[in-house]
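# Structure at a glance
Below, each chain spelled out in residue letters.
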Amino acid sequence: MTLRPIITLGDPRLRLKGEPVDSFGKYLHELLDDLTQTMRAAPGVGLAAPQLGVALQACVVEVEGQLHELVNPRIVRSNGEDNDLEGCLSIPGYVAYVTRKDQVWVVAQNRNGRKIKVNGQGLLSRALQHELDHLQGKLYIDYLESMDDLIPIGRLSEEVADGEGELAALA
């Protein structure tokens, strides 16, 4: 396992669409291990291959101690709406309110190519949608009306201390 640098906003590789994975061998296994180690060290709750400069349909999400390794994932069903704070390891220091589906059903493959299904609600749903967006070259800021909607983490911490808001985990 290798801790890899996370690409940040401004690097054109962040906008690359991930190519479908068709080989489930050593390279993919090492990539998934590196994604997990890098995500945990950041720390974050999800990380997609394009955030490491690798244009493949692979990502990891870890919520409540449950690690999900997703290869060639797609959302097959969704339900409800949830508007909450969201951040990104590739856009450090900022968060914004983003409306996402409250619940999603994802079909993917695991590291060995076997079909898996993940049903996520709340933070898991948000993290799944966020990472699957990365695989399409899309960022959470694309949902904002203006970059003025970004909230610096320092300002958010002050609002939370004053009881005016709630600090959510970053995806």
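For the structure given in this document, a descriptive report is provided here.

## Overview of the sheet that holds strand β3 (residues 66–79)
- Spatial strand order, β1-β2-β3-β6-β7: five strands in an open sheet with antiparallel pairing. Every interior strand has two partners, whereas the edge strands, β1 (46–48) and β7 (115–121), have only one. The sheet shows a mean angle of 40 degrees between the axes of neighbouring strands, direction not considered.
- Relative to β3, strand β2 (residues 58–63) runs antiparallel, the two sharing six bridges. Each residue of the ladder has a partner; that of V63, found in β3, is Q66.
- The strands touched by helix α1 (residues 26–41) within the sheet are β1, β2 and β3, with β2 carrying the most contacts at an inclination of about 40 degrees.

## A word on the sheet that holds strand β4 (residues 82–87)
- Taken in spatial order, the three strands of this open sheet run β4-β5-β8, and their pairing is antiparallel. Edge positions in the sheet fall to β4 and β8 (151–152), since each has one partner strand and no second.
- Relative to strand β5 (residues 94–100), β4 is paired through six bridges, and the arrangement is antiparallel. By the bridge assignment, E86 is partnered in β5 with A96.
- Along the sheet face, helix α2 (residues 123–134) touches β4 and β5 and points at about 60 degrees away from the line of β4.

Basis of the calculations
Residues numbered from 1 in each chain as written. Predicted model: local features only at pLDDT ≥ 70, side-chain atom pairs only at ≥ 80, totals over all residues. Heavy atoms only, no water. Pairing = 2+ DSSP bridges. Helix = DSSP H or I, 4+ residues; strand = E, 2+ residues; numbered from the N terminus. Axes fitted to C-alpha atoms, helices over the stretch in contact; angles between N-to-C directions. Contact = heavy atoms within 4.5 Å.

Without other data, these values stay purely geometric and don't point to any function.
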